[in-house]
Amino acid sequence: MFIKKIALKDFFLFTEAWGLLAISRLILVFIPFSKVLPLLGKQVSPDTTPDRHNKHFVHIGTAIARACRYSFWRTQCFEQALCAKFMLKLRKRKSTIYFGVKKDESAKELLAHAWLVCNNEIVTGGKQAEYFKILSVFYG
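Report follows, based on the coordinates.

Each value, and the rule that gives it
Every chain's residues receive numbers from 1 upward, in the order its sequence appears when written. A pLDDT threshold of at least 70 governs which residues receive local features in this predicted model, and a stricter bar of 80 or more applies before side-chain atom pairs are shown or counted, although totals over entire chains, interfaces and linings include all residues. Computation of side-chain values: all heavy atoms of the structure, hydrogens and water removed. In DSSP terms, a helix is any run of H or I states spanning at least four residues, a strand is any run of E spanning at least two, and both are numbered starting from the N terminus. Each radius of gyration reported is based on C-alpha atoms, and the globular scaling rule is 2.2 Å times the count of residues to the power 0.38. Contact definition: two residues touch when any of their heavy atoms are within 4.5 Å. Here the accessible surface of atoms and residues is derived via Shrake-Rupley with a 1.4 Å probe, and residues count as covered only by protein chains that are part of the display. Residues scored as positive are Lys and Arg, those scored as negative are Asp and Glu, and His as well as the terminal groups of each chain are ignored. Where a charge lies is defined by one atom per residue type, namely NZ (Lys), CZ (Arg), CG (Asp) and CD (Glu). Buried Ala, Val, Leu, Ile, Met, Phe, Trp, Tyr and Cys residues that are joined via side-chain atoms within 4.5 Å together make up what is termed a nonpolar core. Relative accessibility under 20% of the residue-type maximum defines a buried residue, over 50% an exposed one, and the middle range a partly exposed one, all with a 1.4 Å probe and only protein chains included. The criterion for strand pairing is that DSSP finds at least two bridges linking the strands in question. Every axis in this analysis is a line fitted to C-alpha atoms, fitted for helices over the stretch in contact. Angles between the N-to-C directions lie between 0 and 180 degrees. A helix is expected to span 1.5 Å for every residue after the first.

1. Quick notes on the overall build of the protein chain
Here is step 1: Looking only at helices and strands, the protein chain features 4 helices and 5 strands.
Here is step 2: Tracing the protein chain from N to C terminus, the helices and strands come up as α-α-β-α-α-β-β-β-β.
Here is step 3: Against the globule reference of 14 Å for 140 residues, the protein chain gives a C-alpha radius of gyration of 15 Å, in line with a compact fold.
Here is step 4: With the C-alpha coordinates of the protein chain rotated into their principal frame, the extents come out at 45 × 40 × 30 Å.
Here is step 5: The long-range share in the protein chain, meaning contacts at least 24 apart out of those at least 6 apart in sequence, stands at 72%.
Here is step 6: A total accessible area of about 9100 Å² is found for the protein chain, and carbon and sulfur atoms account for 59% of it.
Here is step 7: Across the protein chain, the 22 positively charged side chains and the 10 negatively charged ones have centroids separated by 7 Å.

2. Considering the nonpolar core
Here is step 1: Ile64 and Met87 are the most contacted members of the largest nonpolar core, which totals 32 residues.
Here is step 2: When contributions to this core are tallied by element, the ones reaching two or more residues are α1 (8–30), α2 (33–40), α3 (58–69), α4 (77–90), β2 (96–104) and β3 (109–118).
Here is step 3: For this core, the leading source of residues is α4, giving 9 residues.
Here is step 4: Among all residues touching Met87, those that are not within four sequence positions of it are Leu13, Glu16, Ala17, Leu20, Ile60 and Ile64.
Here is step 5: Residues Val117, Ala129, Phe132 and Val137 belong to the second largest nonpolar core, which totals 6 residues.

3. Some thoughts on the sheet that holds strand β1 (residues 42–44)
The pairing of strands in a sheet happens through backbone hydrogen bonds and is either parallel or antiparallel.
Here is step 1: Ordered by their spatial adjacency, 5 strands build an open sheet running β1-β5-β2-β3-β4, and the pairing between neighbours is antiparallel. Across the chains shown, the open sheet's two edge strands, defined by having one partner strand only, are β1 and β4 (121–124). Here the average twist between neighbouring strands, direction ignored, is 35°.
Here is step 2: Across the face of the sheet, α2 comes into contact with β1, β2 and β5 (133–139) while running at roughly 65° to β5.

4. Section: α1
Here is step 1: Here α1 is 23 residues long and its end C-alpha atoms lie 33 Å apart, about the 33 Å a rise of 1.5 Å per residue gives.
Here is step 2: All of the buried residues in α1 are Leu13, Phe14, Ala17, Leu20, Leu21, Ser24, Ile27 and Leu28.

In structure tokens form, the structure reads like this:
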């Protein structure tokens, strides 16, 4: 049996991500979206360039991806972006949440996606982001 050794800081980051994913899901289920909007930040135009910092936050995206694998509740793109937003706010960093849509030709329906960017790096939801037309952007 393989037991993967992980650093203590990675374990704490995973635990933080797992708990905040649960909180994010509860918020999205029980709180009206109009009340969630202030948590996202200020709505800005898609071409606005946010502040840049020297720090990288890809490890937060990795921790969230791990936490998703061990969650028994829905952990889709919006929950992940909201969780990353909370984690970055705890570190006093601003980030940008993007909301986009694309048309699914096979099912004849619109698909929605959310992704979070910090320091011009995609933290969550980046694999499909390029296929979506940006509808709304929140920075803060």
